[in-house]
Amino acid sequence: MNANLDTLPQPRLREGALTDDDRMLYLMDEISRGARRAYDARISKIGLNQTQWRIIGQLLREPLLTQAGIAKRLELESATIGQAVAGLCGRGLIERRRAKTDGRAWQLILTEELDRLLPQLREAADGLHRILWRKATRDEKRTLLDILVRIASNLDQSRTDAE
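Residues numbered from 1 in each chain as written. Predicted model: local features only at pLDDT ≥ 70, side-chain atom pairs only at ≥ 80, totals over all residues. Heavy atoms only, no water.

Enquirer: Describe the packing of aromatic side chains, naming the residues involved and giving the relevant values.
Expert: This model, assessed by the stated rule, comprises one aromatic pair. With a centroid separation of 4.6 Å and an interplanar angle of 85 degrees, the aromatic rings of tyrosine 39 and tryptophan 53 are classed as edge-to-face. Residue tyrosine 39 is located in helix α1 (residues 20-44), and its partner tryptophan 53 is located in helix α2 (residues 50-61); the two are separated by 14 residues in the primary sequence. Residue class for tyrosine 39 comes out buried when judged on its relative accessible area of 10%. Against the face of tryptophan 106 rests arginine 96, its NZ or CZ located 5.3 Å from the ring centre. Just above the ring of tryptophan 106 sits the side chain of arginine 98; from NZ or CZ to the centre is 3.9 Å. (Phe/Tyr/Trp six-rings, centres within 6.5 Å; stacked < 30°, edge-to-face > 60°. Helix = DSSP H or I, 4+ residues; strand = E, 2+ residues; numbered from the N terminus. Buried < 20%, exposed > 50% of the residue type's maximum accessible area, 1.4 Å probe, protein only. Lys NZ or Arg CZ within 6 Å of the ring centre and 35° of its normal.)

Next up, the structure:
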């Protein structure tokens with residue numbers, strides 16, 4: 001291998017191939033993956049895996065979602081969700097019941113046992129937030145949240161337009 005590869009001239013075509021918009025998307029992806037890994041490490045100490053804590057988080061946000069709805073939101077296979085739900089049920093953190101509106105669907109209900117675990121989940125999240133938001137002001141965080149909400153809305157709208 002040539003040690004001088006980084007001194008080779010780059011074709012002009014590559015100049016500007018990656019824009020700041022591209023870099024922002026890459027950064028958002030890297031931050032998301034890194035934050036999930038860091039939270040995983042914290043949560044594994046209380047016996048939850050990434051899929052399980054993501055299911056709990058989704059149910060906290062949208063308590064009426066069915067198991068299939070969660071699989072769709074998290075973009076995971078139904079078998080993966082099913083295994084994670086079985087583990088959560090086994091620990092008594094959620095209950096699986098047939099949905100009233102559709103007897104084929106599973107409604108997932110958070111339990112009081114989960115409520116006892118929430119302070120530990122909150123503590124793990126807060127510890128991660130202290131690291132992620134170090135040196136960020138409240139106004140900067142508010143601005144970033146506003147921008148991210150707008151980006152998410154634009155993406156949702158583009159999906160709707162495409163359908």
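Enquirer: Account for the packing of α1 against α2, with residues named and values stated.
Expert: Running from N to C, α1 and α2 point in directions that differ by 100 degrees, and their axes come no closer than 10 Å. What the angle tells us is that α1 and α2 run roughly perpendicular. Along its contact with α1, which presents Arg36, Tyr39, Asp40 and Ile43, the element α2 presents Gln50, Trp53 and Arg54. Split into classes, the residues belonging to the contact of α1 with α2 amount to three nonpolar, one polar and three charged. (Axes fitted to C-alpha atoms, helices over the stretch in contact; angles between N-to-C directions. Parallel < 35°, antiparallel > 145°, perpendicular 65-115°, else oblique. Contact = heavy atoms within 4.5 Å. Nonpolar A, V, L, I, M, F, W, Y, C, P; charged D, E, K, R; others polar.)

Enquirer: Could you give an account of the side chain of threonine 51, with specific residues and numbers?
Expert: Tracing the backbone shows threonine 51 in helix α2. Its relative accessible area of 17% is what places threonine 51 among the buried residues. If we skip the residues at most four places from it in the chain, threonine 51 touches Leu76, Thr80, Ile81 and Ala84.

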